[in-house]
Every structure is written in structure tokens, then in C-alpha cells.
Amino acid sequence: MEVEGSRSQFSRRALLARMSAIGALGWTGDLWTPARAAALTRTMAVATNPAGTTLESTVVRLGSGPYRLLGDGPGWPIVVRTDLAEPNGGREDRRVPMLALVHLTDVHLIDAQSPNRVEFLDRYGPPFESAYRAQETLTTQVAMSMMTRINSLGAGPITGRPFDVCVSTGDNIDNQQHNELAWFITTLDGGRLVPDSGAIGAYEGVQDGVSVDHHYWHPDSGIMDDFKTVNGFPDYPGLLDAAITAFDAPGLNMPWYSCYGNHDGLVQGNMPGVQPNDVRPLDGIAIGTVKPIDLGAGVSPTDIQNAFANPSHVATLLMQGGAPVRTVTADAERRAVSIDEWVTAHLSSPSAPGPHGHGYVEDMLGTTRLYYTFSVAPGVLGISLDTVNHGGYADGSIGEAQLAWLEARLIEASGRYLDSGGTEVRTGRTDQLVMLFSHHNKGTMANPVPDFSNPGERRLTFTELHAVLQRFPNVIAWVNGHTHVNRVNPVPDPTGYTGGFWEITTAAHVDYPEHARLVELVDNRDGTLSLFATIIEHAAPAAANPHDLSVLGMAAISRELSANDPQVDTADKLGAPTDLNVELVIAAPFDPNPAPSATPTTTQTPIVRTGSDLKLPLVVGGTAIAGALAIRRRLERPTS
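Residues numbered from 1 in each chain as written. Predicted model: local features only at pLDDT ≥ 70, side-chain atom pairs only at ≥ 80, totals over all residues. Heavy atoms only, no water.

A. The arrangement of the overall build of the chain in detail. A count of helices and strands for the chain gives 16 helices and 24 strands. The buried share among the 640 residues of the chain stands at 61%. In the chain, the share of contacts with a sequence separation of at least 24, taken over all contacts with a separation of at least 6, comes to 76%. With the model as given, the accessible surface of the chain reaches about 22000 Å², and the carbon-plus-sulfur share is 55%. (Helix = DSSP H or I, 4+ residues; strand = E, 2+ residues; numbered from the N terminus. Buried < 20%, exposed > 50% of the residue type's maximum accessible area, 1.4 Å probe, protein only. Contact = heavy atoms within 4.5 Å. Areas by Shrake-Rupley, 256 points an atom, 1.4 Å probe, with all protein chains shown as cover.)

B. Spotlight on the pairing of strand β5 (residues 165-168). With burial as the criterion, each face of β5 is covered, one bearing Val165 and Val167 and the other bearing Cys166 and Ser168. Relative to β5, strand β4 (residues 96-104) runs parallel, the two being bridged by four bridges. Residue pairing across strands places leucine 101 opposite valine 165, the latter belonging to β5. Crossover β4 to β5 through helix α3 (residues 139-153) is right-handed. One ladder, built from three bridges, connects β5 with strand β8 (residues 256-258); its direction is parallel. (Pairing = 2+ DSSP bridges. Right-handed = clockwise from strand over helix to strand, strands pointing away.)

C. Representation of a nonpolar patch on the surface. Together, Val290, Met319 and Val325 give the surface a local cluster of nonpolar side chains, amounting to about 210 Å² of exposed area. Relative to the elements of secondary structure, valine 290 occurs in strand β9 (residues 290-292). (Patch = residues over 30% accessible without salt bridge, like charges linked within 9 Å, V, L, I, M, F, W, Y side chains within 5 Å. Salt bridge = Lys/Arg side-chain N within 4 Å of Asp/Glu carboxyl O.)

D. Local environment of the packing of helix α4 (residues 178-189) against helix α11 (residues 339-347). It is at 11 Å that the axes of α4 and α11 come closest, and there the two elements cross at 25°. Viewed along their axes, α4 and α11 adopt a mutual orientation that is roughly parallel. At the point where α4 passes α11, the crossing takes the right-handed sense. Residues His178, Leu181, Phe184 and Ile185 of α4 lie in contact with α11, whose contacting residues are Glu341, Trp342, Ala345 and His346. (Axes fitted to C-alpha atoms, helices over the stretch in contact; angles between N-to-C directions. Parallel < 35°, antiparallel > 145°, perpendicular 65-115°, else oblique. Left-handed = near helix turned anticlockwise from the far one by under 90°.)

E. The arrangement of the packing of aromatic side chains in detail. With the rule as written, the count across this model stands at 18 aromatic pairs. Both rings, one in tyrosine 372 and one in phenylalanine 374, keep their centres 5.9 Å apart while their planes meet at 50°; by these two values the pair is tilted. Residue classification places phenylalanine 374 among the buried residues on the basis of a relative accessible area of 6%. (Phe/Tyr/Trp six-rings, centres within 6.5 Å; stacked < 30°, edge-to-face > 60°.)

F. Examining the packing of α3 against helix α14 (residues 551-563) more closely. Close contact between α3 and α14 brings their axes to 8 Å; oriented N to C, the two are set at 110°. Here α3 lies roughly perpendicular to α14, going by the angle between them. Along the contact surface, α3 presents Gln141, Val142, Met144 and Ser145, while α14 presents Val551, Leu552, Met554, Ala555 and Ser558. By residue class, the composition of the contact of α3 with α14 is six nonpolar, three polar and no charged. (Nonpolar A, V, L, I, M, F, W, Y, C, P; charged D, E, K, R; others polar.)

Shown next as C-alpha cells:
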């Protein structure tokens, strides 16, 4: 519920926003109710550019039964989240846009024909249940469909501000392979993309008619499998041939950056594919002609799991005990990507849309440092963290050197902060707002395994990271992925020194619901900021057409298949209304548009950590007034 600042600030739009926050809580993502209808009407009254987003329409599951089709549904209203700060009335008329960005995560471009994939482990259950997906041959088409959607939008739906940047927060590829990385960069830069490997033009993978296995979905007619007989999956004849056909990727029309994810740096997201001295223990399988298709006698799934940190042993286990195999065409481009090769590929990316290196720089070559800073927008610093544990396993952590580097960057962006002893330091520097970006989120930063590249360095979890972040009021958001779900969580500061920050986690492209997210930041000019997070669907039509094997047609088929994945809890992946289209209110750590003042000197003052410093006076300069009036004019709608 909103708290109005005063009667003088009361406006029709403030009332509508307040009612939206109340009414929207009476619906779910799949449920249409009068409360949702009313909340959506109010939402559309304050959005300047909602077309093409889930504010306007959504993709919904239709009917019932083991296999459900998809169709178009109504939009999702904005839910105002007041967990960290109370909103003030009238802010809709004062807002000054500060940034608009696109968040991609867990794109998982998959070479589904790679011998290095272990789809057969999927049948053994956790933790292998993501080893195979019916839609995995269609990941490049989904990515292109998402680029098409993003380019058609061009600006934030709430403010109308043109997008500043796009950030892809890891698991950009699926299996640490060269060809997958080339596909990812081409997808974002634009160009001719050939989503094929091995024998070009001939699909060689678990979904074809060779060595038919009933555990996999076979889209061609005449092949029966568990997906069809148990779960009602249809035939899509010709899909496999169409899926490996070359197409022209449009690329993005804005600068883009990428974070490093566990699938980018580990085979299957768990095993180091490149070890010190350029040892590549799994490349013998990856680039070869023999693909394991099940475990051999005497080898258990537990044996494989226990060997994740020792990929040489995994390679032995996969071929041990007379393991059944099939012959495929060799392809050297399936070799594992080293850290230097990851950096070099980004540095070699074309100059447009840029920027050069997409956050990665030449100085990173020969190191394991894959973290960097970048400008999200004027006055807003982005910090991309490398949360991958190169020693193995899916969950993340950071090393002591990276945490020290992060602390130094936060100090540089802060006019005030607490030192490690709890003393406030006033630096005299110009404050910047800070947004963190990483692959892992706070719930999955729990991997203490030593990193073989820095064996003497302690790996740190979210608890230790949070202790540092609590000393810097300028941190307002942490944008991430990894868990393939839509979630928005407040991260309060128990000390009271900062206003906390918002954690924004977005669902994957490779799994239902195949979403991305738009994030906009506004200064409410009342001592608070608002982060608007809006979900977008990719551009493919909601209803799949078995006769449409165009790129967008196949992206629609992928979405339908992912919505029927028997291992997926669709409600959990989608998230609640409070995880979808939201306004996230937070106390402003400083005035982003201050009046000119004398530069203070650096001081150190012992203080009691309270939230009193966050109660800032409203200072509105001429530029801010002009910006607020401009957005107000855009927000106005004729009354009936």
C-alpha cells in the first residue's frame, strides 16, 4: 500500500498507482480476475511505451491435459513493491528517467549434436534433470526471436527512454564450446549464423532416427517415445533439418555486455574443460567421432557427479565398462573455450554495436580476471562480477582478490561509506549509483571448492559479499540469473546504514517461460528512486504452427515445448505477480540531481549506523524540473 506524502501531492495518477498495488495482489500469472483487469487499466495509464511488452499482452497456457497449447493472454499489471521504502504520492508527475537497460540471462545456446553432451544422464534424475530438453535444438532461434523483440521496442515501457545497454548475465552458451560462443556473439552483433556442427546439413543427435531411444522426443513422424505416449507431445516433421539451417541474425542496436556463467566456463556447467597448462581432458570426446549414449556396466550417475572436479576421470568413466556409443562427424570447433579465448572472442567482436570488448580488456589475457566496470548510464556505474568457481560445480562464489577489487571500485564511486571498522568516510568524490551484475544470485553463491587457478585463495559466499555491500549506500540493485526463474527479492541492510538493495533475477531463454526483462531507473525527486522491471516475451507468435518452420515459427515451437517440459514446474519458473512487472521503491542514497555546492573535504567520523542519513531533503534544480515536466507530458493520457 502506498503512503501519500500530503494532500497537496495527491493526484489521479497517484490514486491509480495505489489501487494497482492493492488490486494486483488478487491475481496470478494465469488467472484473469476483475482485480487484475482494473489494475491493468491503471497500469496502462502511466506507461508511455507498453506495446510489445507483457504490460500489453502475455503468452498463456490453454486448456488442460498432458500437453497444453499456448495462446495470447492479457497483460500483467505493475505491482508496487514497498519492502525497502514507502513510495510518496505524486511521484508519477516528478519522475526523471535515469536509465533503461535490457537484461538477458541463461540464453544457453546449445550445440545439441555435440558428443560432449550427456543427455542420457537426464533419466537418472537430480542433479542431472537438465541434461536434456525437448527444445534444445532451437536455442539459436529463440535468441534471434528475442533480439527481434528488443529491437522493435527501442525504449523503456514506463519512461520511453531509449535503451542505454543490454547485459547478458551468464550461461550465454551451454557447454563451454567454441562454436557456441561464436553463435552467441553473432546473435548479439548480427550476421550469418549457422546453428549446425559436425556433418553440416545433416543432424546427428539424440532426437534423430539413429539409435532411437524412447527417453528423448523425436519430432519426426513414425517414431514413438515417452514424450509422445506419456506426455502427448506432437510430431513436428522436418523440424530437425530446419533447426540447423543457416539464417541472418539481426543483432542488437545498442551496446551490450556479458557476464561469465558456469556453463560458459565449465563443461555442462559443472566440469573444468580447460585446466592449467591448457590441459583439456574432455576435448578428446568433444571434437571426436564417438558419442557416449549411456553409462557402461559398473558406472553409476553418482560416480559421474563425484568426479565433476576431476574431468579426466569423468572422461574415463564415460567410456568405461563397454559404454554404448554412436558414431558422429568430428568437429574441431567443439573444443573447450579457455578464459583467454573467451576474452579474445569478445575483443574480436565487430565495432558495432560495441563497445570494444564488451567489458573485457586486453589486460585480462593471461589472467583469470573476468570482472570489470562499465557505465550503464550517466551517474550509474555497472559492476560485472565473475561468480564462476573454475574448480567445478554449478554454484558460485568469488575469490578474495575479486572482493578486494570490488571494495576498491565501490570506494571510487562513493562520497561516503563505512570502512571495515565501522567508521564513516567522507571522500569528497562525486557519488554514483551502483548496479551489480553477475550470473549467480545470493541463494547460489555457496561453492567453497578451491579454484585450481588460485588454489591458495579462499572462496567467499554471499554472506561475506553482503557484509561489504552493507558499507556502501550507493548499491541499489543486483541483476542476475542462474536459477531459470523470475524472482525479485529485497535485500535489506540489518545494520540500517544503507537502504538495502533489490535483487532482480530473470528467467532463462532455454526453459519456460523464455523471458527477458527491461529495467528502468527513475529519480522520484522526493528522496526515493524507483526501479521498474518489466518482463518481455520474444517475438514469436504465441501459438505454434507445425507448418511454420521459419526462424520465428521454430521459436514459437520451442516456447510450446518448454511449457510442456514434464520436469518443469511452470508456476515456479514464471514467478508470482510480485516477481513480474514491478516498481521497486528504494531510498535514494544521495540526491542524483543536486544543486551546485562546494566540494567537501575527505573526513572520517565515527558514527552510529542508522538510517537517518537516508532522509534527504528534496532539492530540485532547473534541469530536474525540465526533465520531470517532460516525462509528465509523456505520461498524460486523454480522459474519457
